[in-house]
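# Descriptive structure summary
The residues making up each chain are set out below.
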Amino acid sequence: MSTMRWSEAVPSPAGGGGPLDGALGGVPATPQIKNHSVTHHRGHLYCFGGYDGRRNHQTLLIYSLREGRWLLPSPAGGMINLGDGPSSHFTVRGVPPPGRNGHTATLATGGRRSRRRRHRMNNLIYDEEGEIGLRGEAPLPRRNSRDPPSSAEVEVRAALNDLAVAMDAMDAELGTEREAGNVNAQGGEDDALDNPNEDQASVEGGNGDNPTEEEDDEDAQIIIIGGWLGSGPLAASDMWVLDISGGLDRLRWFQPPTLGTPPGPCNMHSADFIPSRGEVYVFRGGNGREYLNDLHALDVESYVWRTVETHGEAPQQRANHSSALLEKDGVSELFVFGGWNGSERLNDIHVLDTATSTWSTPRVLGVKPHPRAGMTLTALRGRLYLFGGSGTSSKCFDDLQVLDREEMAWLDVNDQDEEARKERECYDSTWMVNRGATVGGGSGYSSNANRQASSSWEMLGGQDGSNSGGIKFADWRSYGGYQSGANNGPISGSANPNDEDTVPSVYVNGKPPGRRAGHTATAVGKHIYVFGGSCGTDYLNDFFVLDTDPPPLMKVTEPPSPQLYASRLRHFCDNAEFSDVTFLVEGQTVYGHKLVLSTVSDCFRAMFMAGFRESGSEKAEIEIPNCSYDSFVTMMEYIYSGVSPRIDVFSVGGMDRAIALLELADQFFLYNLKENMEGALQPAVNRETHAFLRQVAQKTNATQLESFCQYFERNMHELVE
């Protein structure tokens, strides 16, 4: 059984000193944002941009997975250490991108050659103020990010690129340091703005990114593309790079020269790094005026754009969709799901074979997710994990859907806590049915208190203390009606082999994130980190983690010895198997077992002790006088089952049977049976029977029944009126 587990990650307090400090003890005030991006690299989550209902964010945030806390941007150059552990601050050089939301942030990795080229280009391209141009030359005028590059800028960029390529042939040290650049204290946020993405949620930045810890990422970079800047009719068309190859102490923003034809303005699009091609594929969303479906690719070493010519039927125009990349056996497939086409939300799925540039629409088994936009689609170990999003009437979802590539099916995702509850209810019902017509004190195994005392995770498999010993077995050697293992419960009918389109099931437990859209879901190893988003006007900053492969739970599913005794002993009642004592009652033989009888009755124990006549032979035969056969067998059934017989004292002969069992219980020191018979006889106390029953009570030492008879006699006139 495939199992996953949700948990909430609560960031630990970080030291003060940064601009994000909250009011309580230096805890960073994590922004409540949506349409941001979160990208993972070597134990850190890089969060950029987003919208908080009033303005776009420009500040770069970094979350340390190892320390479980947000790191603070330094207000000045250099790293700041709090003195009692790793640094809690970082510094980013260069000019950061303008604040935005609805952009993409994609992790791209390369080799030594690409890293050296970018370092040299970075040193050549920017002067001390961050302007484009050869160092020592007059810089080109800075242009708006939406304006196309001038012919002069194109020429300079081309010349610089050619120069950088030529420099790769030079025998220079690989570790050439960047020249000192402008230190930026992370900027702030833009002025209040109207956000066209307010009623929609963006796809996750860096969809499909799932780098392993062992990858060669000396050239790691996060590529920011497009988004909504807060002004103008069109979305942004710019591209920025955050160089993270040098670690937290060498972060740097820069805007590299590009060649080819870029996508143009794009917002609520998706971008995925294709390692086999060394390119970032951008499936364009909206540009501010219309919805698009063109596909572009950026070479992450040369920064050359190209338009990807595809075959097959491409997905229809859309924005606010999600995409992710799955790779297996050298085949890279780009999945695109859902989104908004301007008139309705979608739930279709399309696959691009990146080797042949061919689109296809596969037949997917299982139940399709509801149409939605603003969800996340995260690739992990051959599966796509879809979470949240917004549906019709801006209703937000909180469901988790899983697409298995090998099965090409949406899996049946079940709440394991709810399944465990249903199993317990069914189990308890089966236990009550198996008790049949016998009632009495009961064992108390299946109590609500016991069930509530365990966590939902531990309850799976009957670890909540519910009665697995009360099941009635067909034979003492087997578990009739009981199935051991992870899914304890009554054995249900097998699946219909003629059913079609059956899909595997997965189970999820723990506390899941609430409803949201415009959040991020970032893969880190076997975990998926969900951060932020919004639901209506409620902007979020919480962190949840989905463990897609939690450690197996070591649980005890087999019944303990006392439960085995309780369930199996009834098989031996009046059974010659292993019998070592027999009773003669009204001329009939009743088989017994000394160990069982002496365990529950001191009277039987005394009979079987050395020195008593009844223990003299190897297999004793004991005559029971002045007792009916039916009453004695009923008493033996009680001893072997622990269930008191149900007797209707108002039925014909009912009171006599109860009195006979009361006398046997007193004779053989079966105190629980005696108390049950006292309770059974209590309703029979009336004007005609009270004196007789009081004498029976005195004879059998039934103090509770005697006390009730005396109470009745004192209050007879009131009770019979």
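Overview of the structure. (Residues numbered from 1 in each chain as written. Predicted model: local features only at pLDDT ≥ 70, side-chain atom pairs only at ≥ 80, totals over all residues. Heavy atoms only, no water.)

### Considering the packing of helix H9 (residues 629–641) against helix H10 (residues 654–667)
Operational definition: Fitting a line to C-alpha atoms yields each axis, with helices limited to the stretch in contact; the angle taken between N-to-C directions then spans 0 to 180 degrees. Under the scheme used here, helices are H or I runs from DSSP no shorter than 4 residues and strands are E runs no shorter than 2 residues, and both carry numbers assigned from the N terminus. Angles below 35 degrees are treated as roughly parallel, those above 145 as roughly antiparallel, those between 65 and 115 as roughly perpendicular, and all remaining angles as oblique. Each helix crossing is assigned a hand: it is left-handed if the near helix lies turned anticlockwise from the far helix by less than a right angle, otherwise right-handed if that turn is clockwise. Note on contacts: a residue pair qualifies if any of its non-hydrogen atoms lie within 4.5 Å across the two residues. Gly counts as polar in this scheme, as do all residues outside two lists: the nonpolar Ala, Val, Leu, Ile, Met, Phe, Trp, Tyr, Cys and Pro, and the charged Asp, Glu, Lys and Arg.
Between H9 and H10, the least distance of the axes is 10 Å, while the angle of their chain directions is 60 degrees. As judged from the angle between their axes, H9 and H10 are oblique. The two elements H9 and H10 cross, and the hand of that crossing is right-handed. On H10, the residues that touch Ser631, Phe632, Thr634 and Met635 of H9 are Ala660, Leu661 and Leu664. Considered class by class, the residues forming the contact of H9 with H10 number 5 nonpolar, 2 polar and no charged.

### Considering the sheet that holds strand S3 (residues 44–48)
Our working definition: Two strands pair if DSSP finds at least two bridges between them.
Taken in spatial order, the 5 strands make up an open sheet running S2-S3-S4-S5-S6, and their pairing is mixed. Unpaired on one side and paired on the other, strand S2 (37–41) and strand S6 (89–90) mark the two borders of the sheet. Two elements, S2 and S3, share 5 bridges in a ladder whose sense is antiparallel. Across the sheet, residue Ser37 finds its bridge partner in S3, namely Phe48.

### Brief notes about a nonpolar patch on the surface
Threshold: Residues with no salt bridge and a relative accessible area higher than 30% make up the patches, which join like charges within 9 Å and nonpolar side chains (Val, Leu, Ile, Met, Phe, Trp, Tyr) within 5 Å. Only the protein chains shown count as cover for residues, with accessible areas throughout obtained via the Shrake-Rupley method and a probe of 1.4 Å. Basic side-chain nitrogens of Lys or Arg form a salt bridge, by our definition, when they fall within 4 Å of a carboxyl oxygen of Asp or Glu.
The grouping of Tyr711, Leu719 and Val720 at the surface amounts to a nonpolar patch, some 230 Å² of accessible area in total. Looking at the secondary structure, you find Val720 in the segment after helix H14 (716–719).

### Focus: the pattern of salt bridges
Our working definition: Here the term buried applies to any residue with accessible area under 20% of the maximum for its type, exposed to any over 50%, and partly exposed to those in between, with areas from a 1.4 Å probe on protein chains only.
As enumerated under the stated definition, the model contains 18 salt bridges in all. A salt bridge links Arg69 to Glu67; the shortest N-O distance between them is 2.5 Å. A single burial state applies to Arg69 and to Glu67, both of which are buried. One connected set of salt bridges, linked through shared partners, spans Arg66, Glu67 and Arg69.

### Re the side chain of Thr354
Along the polypeptide, Thr354 turns up in the loop between strand S20 (345–353) and strand S21 (358–360). Given the relative accessible area of 2%, Thr354 is considered buried. Residue contacts for Thr354: discarding those within four places in its chain leaves Ile274, Arg277, Tyr281, Ser332 and Leu334.

### Here's the deal with the nonpolar core
Our working definition: Side-chain atoms within 4.5 Å are what join buried Ala, Val, Leu, Ile, Met, Phe, Trp, Tyr and Cys residues into a set we call a nonpolar core.
Core analysis: the biggest nonpolar cluster contains 48 residues, and Phe583, Phe632, Met635, Met636, Ile639 and Phe668 have the highest contact counts within it. Per-element tally for this core: the top contributor is H9, with 8 residues. Leaving out residues up to four positions away in the same chain, Ile639 has contacts with Val596, Leu597, Val600, Phe604 and Leu670. By size, the runner-up hydrophobic cluster in this structure holds 18 residues, among which are Phe90, Ile222, Leu248 and Leu251.

### Brief notes about unusual backbone geometry
Despite not being glycine, Tyr303 shows a phi value in the positive range, around 55 degrees. As for its placement among the helices and strands, Tyr303 is situated in the loop between strand S16 (295–299) and strand S17 (304–307). The class of Tyr303 is buried, set by a relative accessible area of 1%. Despite not being glycine, Phe669 shows a phi value in the positive range, around 60 degrees. In this structure, Phe669 sits in the loop between H10 and helix H11 (671–681). Assessed through its relative accessible area of 36%, Phe669 is described here as partly exposed.

### Points about the sheet that holds strand S28 (residues 520–524)
The 6 strands lie next to each other as S26-S27-S1-S32-S29-S28, forming an open sheet whose pairing is mixed. If you trace the sheet from one side to the other, it starts and ends with strand S26 (412–415) and S28, each paired once. Averaged over all adjacent pairs, the angle separating strand axes in this sheet is 25 degrees, with direction ignored. As defined by bridge partners, S28 adjoins strand S29 (residues 527–531) across 5 bridges and the pair is classed as antiparallel. Of the residues in S29, the one forming a bridge with Ala523 is Ile528.

### With respect to the packing of aromatic side chains
This is how the line gets drawn: Planes of paired rings set the category: under 30 degrees apart is stacked, over 60 is edge-to-face and the rest tilted, where pairs are Phe, Tyr or Trp rings (Trp by its six-membered ring) whose centres lie within 6.5 Å.
Here the structure, examined in full by the defined rule, presents 19 aromatic pairs. A centroid spacing of 5.9 Å and a plane angle of 70 degrees characterise the contact between Phe337 and Trp410, whose relative ring orientation is edge-to-face. Of this pair, Phe337 sits in strand S19 (residues 331–340) while Trp410 sits in strand S25 (residues 409–410), placing them 73 residues apart in sequence. Assessed through its relative accessible area of 0%, Phe337 is described here as buried. Judged by its relative accessible area of 3%, Trp410 falls in the buried class. Judged by centre distance (5.0 Å) and plane angle (35 degrees), the rings of Phe531 and Phe543 are tilted. Of this pair, Phe531 sits in strand S29 while Phe543 is found in strand S32 (residues 543–547), placing the two residues 12 residues apart along the sequence.

### Regarding the environment of Leu384
Of note, Leu384 is situated in strand S23 (residues 383–387). When sequence neighbours within four positions are dropped, the list of residues in contact with Leu384 reads Ala324, Leu326, Phe335, Leu377, Thr378, Ala379, Gln401, Val402 and Leu403.

### Some points on the packing of H10 against helix H12 (residues 690–699)
Where H10 contacts H12, the axes come no closer than 10 Å and their chain directions differ by 20 degrees. Classified by the interaxial angle, the pair formed by H10 and H12 is roughly parallel. At the point where H10 passes H12, the crossing takes the right-handed sense. Of the residues in H12, those in contact with Met655, Ile659, Leu662, Glu663 and Asp666 of H10 are Phe692, Leu693, Val696 and Lys699. Each residue belonging to the contact of H10 with H12 can be placed in one class, and the counts come to 6 nonpolar, no polar and 3 charged.

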